[in-house]
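Given next are the chains, with one letter for each unit.
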Amino acid sequence: PLIPLYNAGILLIQATMGLKQMKYNAIRSACEPLTLLVGLFIFLKTPLHQYGVILSQALSLFLVFLLGIWAFSRCFSWREVGRTWLRRGRYLAIVRYSLPMYIIEVVDALLFRIDIFFISGVLGTGSPEQMKFLGVYGFAKQIARVLTQTKNAFGPIFVPVSSESYL
């Protein structure tokens with residue numbers, strides 16, 4: 001149930017990146033796993049230790065939502081956002097603008113995982129050795145993806161910042 005709040009928090013934090021404010025995204029990148037880790041340690045020592053992973057994850061997702069509200073409030077006016085949402089024709093403009101990006105994200109997610117599906121389809125996942133192979137392959141691929149996404153995340157903001165710095 002917290003995933004919509006988490007997504008809203010991420011969206012609010014990413015809106016600050018339009019103003020070249022990377023610090024909020026950096027804070028989120030540090031706070032989210034740290035909250036999860038601290039939550040796991042805390043719940044490990046309580047009677048709720050069986051649900052510790054779920055509760056810690058929920059806590060970190062909610063923290064990102066609160067951080068998103070705080071970061072957005074520091075950079076933008078909620079009153080102006082409300083006025084803009086009440087204007088006619090805004091929803092269609094947003095859909096036209098964002099639909100291609102969502103399609104790219106869906107295709108990207110599919111292409112990222114399609115080779116794992118093909119490998120498991122050809123080799124199967126019946127034996128522990130095959131499962132181990134797919135797990136190691138998937139883990140290595142995820143690490144490579146994080147590195148690629150980090151580069152892609154800084155790419156759009158690098159050009160305006162370096163141009164402004166040059167000027």
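Everything that follows concerns the structure shown earlier in this document.
Here's a quick rundown of the structure. Just so it is clear, the structure is predicted and the values come from calculations on it, not from any experiment. (Residues numbered from 1 in each chain as written. Predicted model: local features only at pLDDT ≥ 70, side-chain atom pairs only at ≥ 80, totals over all residues. Heavy atoms only, no water.)

Counting residues in hydrophobic clusters, the biggest one holds eight residues: Y6, I10, I13, Y24, L61, V64, L67 and A71. Those elements that provide at least two residues to this core are α1 (3–17) and α3 (52–75). Element by element, the count of residues in this core is highest for α3, at four residues. With sequence-adjacent residues up to four places away left out, A71 is seen in contact with T16 and Y24. (Core = buried A, V, L, I, M, F, W, Y, C linked by side-chain atoms within 4.5 Å. Buried < 20%, exposed > 50% of the residue type's maximum accessible area, 1.4 Å probe, protein only. Helix = DSSP H or I, 4+ residues; strand = E, 2+ residues; numbered from the N terminus. Contact = heavy atoms within 4.5 Å.)

Looking now at α3. An α-helix turns once every 3.6 residues. As a result, residues three or four positions apart point the same way. Relative to the 34 Å expected for 24 residues at 1.5 Å per residue, α3 spans 35 Å between its end C-alpha atoms, a close match to the ideal helical length. Those residues of α3 that are buried are in contact with α1, α2 (23–44) and α4 (78–86). (Expected span 1.5 Å × (residues − 1).)

A few words on the layout of surface pockets. There is about 2,500 Å³ of room inside the largest pocket. Along its surface, the largest pocket is lined by 49 residues, and I10, L11, Q14, M17 and E105 are the ones closest to its centre. Listing elements by their share of the lining of the largest pocket, those giving two or more residues are α1, α2, α4, α5 (90–123) and α6 (128–166). Sorting elements by how many residues they give to the lining of the largest pocket places α5 first, with 13 residues. Split by residue class, the lining of the largest pocket holds 29 nonpolar, 12 polar and eight charged. (1 Å grid on protein atoms, 1.4 Å probe; cavity = no way out; pocket = protein on both sides within 12 Å on 5 of 7 lines; lining within 4 Å. Points joined across faces, edges and corners; volume = space filled by probe spheres on them. Nonpolar A, V, L, I, M, F, W, Y, C, P; charged D, E, K, R; others polar.)

The next point concerns the state of the cysteines. Within the structure shown, the criterion is met by zero disulfides. Cysteine C31 is unpaired, with the sulfur of C75 as its nearest cysteine sulfur at 16 Å. What makes C75 partly exposed here is its relative accessible area of 23%. (Disulfide = S-S within 2.5 Å.)

Over its 34 residues, α5 extends 49 Å from the first C-alpha to the last, a length consistent with the 50 Å expected when each residue adds 1.5 Å. Every buried residue of α5 is accounted for by S98, F112 and D115.

Right, let's talk about the packing of aromatic side chains for a bit. Within this structure, the stated rule accounts for three aromatic pairs. With a centroid separation of 4.7 Å and 50° between ring planes, the pair formed by F72 and W78 is classed as tilted. Residue F72 is classed as buried on the basis of its relative accessible area of 8%. Grouping aromatic residues by their ring pairs yields a cluster made of F72, F76 and W78. (Phe/Tyr/Trp six-rings, centres within 6.5 Å; stacked < 30°, edge-to-face > 60°.)

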